[in-house]
Amino acid sequence: MRMIFLGAPGTGKGTQASVLAGKYSIPQISTGDILRKAVQDDTELGRKAKAVMEAGELVPDDVIINLVNERLSQSDCRRGYILDGFPRTLAQAESLDQLQAIDAVIYLDVDNRVIIDRLTTRRVCRGCGKLYNVATDPPPASGRCDVCGGEIYQRDDDSEETVRNRLDVYYEKTAPLKSYYQDRGVLHIIDGNRPIEEVRADIATVFNRFSRS
Ligand code: AP5
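Here is what the cut-offs are and how they apply
- Residues numbered from 1 in each chain as written.
- Predicted model: local features only at pLDDT ≥ 70, side-chain atom pairs only at ≥ 80, totals over all residues.
- Heavy atoms only, no water.
- Axes fitted to C-alpha atoms, helices over the stretch in contact; angles between N-to-C directions.
- Helix = DSSP H or I, 4+ residues; strand = E, 2+ residues; numbered from the N terminus.
- Parallel < 35°, antiparallel > 145°, perpendicular 65-115°, else oblique.
- Left-handed = near helix turned anticlockwise from the far one by under 90°.
- Contact = heavy atoms within 4.5 Å.
- Nonpolar A, V, L, I, M, F, W, Y, C, P; charged D, E, K, R; others polar.
- Expected span 1.5 Å × (residues − 1).
- Buried < 20%, exposed > 50% of the residue type's maximum accessible area, 1.4 Å probe, protein only.
- Arc of directions from axis to C-beta.
- Pairing = 2+ DSSP bridges.
- Near = heavy atom within 4 Å.
- Polar contact = N/O pair within 3.5 Å; in protein donor to acceptor, adjacent residues only side chain to side chain.
- Areas by Shrake-Rupley, 256 points an atom, 1.4 Å probe, with all protein chains shown as cover.

Direction vectors running N to C along helix α6 (residues 112–120) and helix α7 (residues 160–174) enclose 135°, while the axes themselves pass 10 Å from each other. Looking at the two axes, α6 sits oblique to α7. The element α6 and its partner α7 pack so that their crossing is right-handed. Taking contact as the criterion, the partners of N112, I115, I116, L119 and T120 in α6 are, on α7, E160, V163, R164, R166, L167 and Y171. Along the lines of polarity and charge, the residues of the contact of α6 with α7 split into six nonpolar, two polar and three charged.

Next up, the structure:
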């Protein structure tokens, strides 16, 4: 089962992918998480990506394509995977096409006003990546994650100004992928404005069609 989660920042790709990857026993491959870990570990990749990410721009295609190709060659991807945040440009989508056929693309459709609210109130655990939201799913008062005890923080790119730039970048470079995948007959549009469980149930309906293949 090879799935892509496509959508603007804050549409719930990570929230949904983490649970469904567990349910269907396939890896969630989040390019954003891989890059943030590289920044945290101060690797060469992290040093290349840091300023670009903080500005809400995209990391160059060649860097991302190499990273994803390497990740998809690992043995845990043989039964499938969820790509969360990749592809994000036409060049990335074309490179993926040359590598493997995708079963379905889940497009999460959310209003910009809702996106800005969700991202400026999002908090993340530095240890395990668990997502919180100060408005709808507040972190413990201790400031420590209730799963792993890690520090809970606000991402550098979740300020309102950077979120607005990320949305501009999304509409310019990533939104065209919606018609790219629609033309290939693999796009499933899901209304992501609704509560998390309702959105998940709709995505699971699509997953169930592919879970035996
Ligand atoms: P990345 O980490 O991929 O960020 P993103 O795509 O902007 O997506 P987000 O993680 O912000 O949002 P999400 O859709 O996962 O929402 P979430 O589930 O967290 O990328 C970061 C940066 O890395 C990029 O800007 C770029 O620089 C670089 N990068 C990454 N991939 C790249 C690539 N392929 N090419 C080039 N550069 C790349 O939810 C958000 C909040 O809303 C949470 O608090 C959550 O609890 C809440 N929430 C979720 N769903 C709901 C719901 N239904 N109802 C209420 N609240 C909800």
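Helix length check: α7, at 15 residues, gives a terminal C-alpha distance of 20 Å against a target of 21 Å (1.5 Å per residue), a fit within 8%. Buried within α7 we find T162, V163, R166, L167, V169, Y170 and T174. When α7 is viewed along its axis, its buried side chains cluster within an angular range of 165° and face the same direction. Turned more than 90 degrees off the buried face of α7, the exposed positions are E161, D168 and E172. Of the surrounding elements, those touching the buried residues of α7 are β1 (2–6), α3 (44–54), β4 (104–109), α6, β5 (122–125) and α8 (177–183).

With antiparallel pairing, the three strands of this open sheet are ordered in space as β6-β5-β7. The sheet is open, and its two borders are formed by β6 (131–133) and β7 (152–153), each paired with just one other strand. The pairing of β5 with β6 spans three bridges and is antiparallel. Among the inter-strand pairings, V124 is bridged to a residue of β6, identified as L131.

This brings us to the site of the ligand. By nearness alone, 34 residues border the ligand, and T15, E57, R88, R122 and R166 come closest of all. Between a nitrogen atom of the ligand and a main-chain N or O atom of V59, the distance comes to 3.1 Å. Within the complex, 95% of the 1,000 Å² of free accessible area of the ligand lies under protein. When contributions to the shell around the ligand are tallied by element, the ones reaching two or more residues are α1 (13–23), α2 (31–40), α6 and β6. Looking at which element gives the most residues to the shell around the ligand, the answer is α2, with four residues. Per-class residue counts for the shell around the ligand are 13 nonpolar, eleven polar and ten charged.

Treat this as a map of the structure, not an account of what it does.
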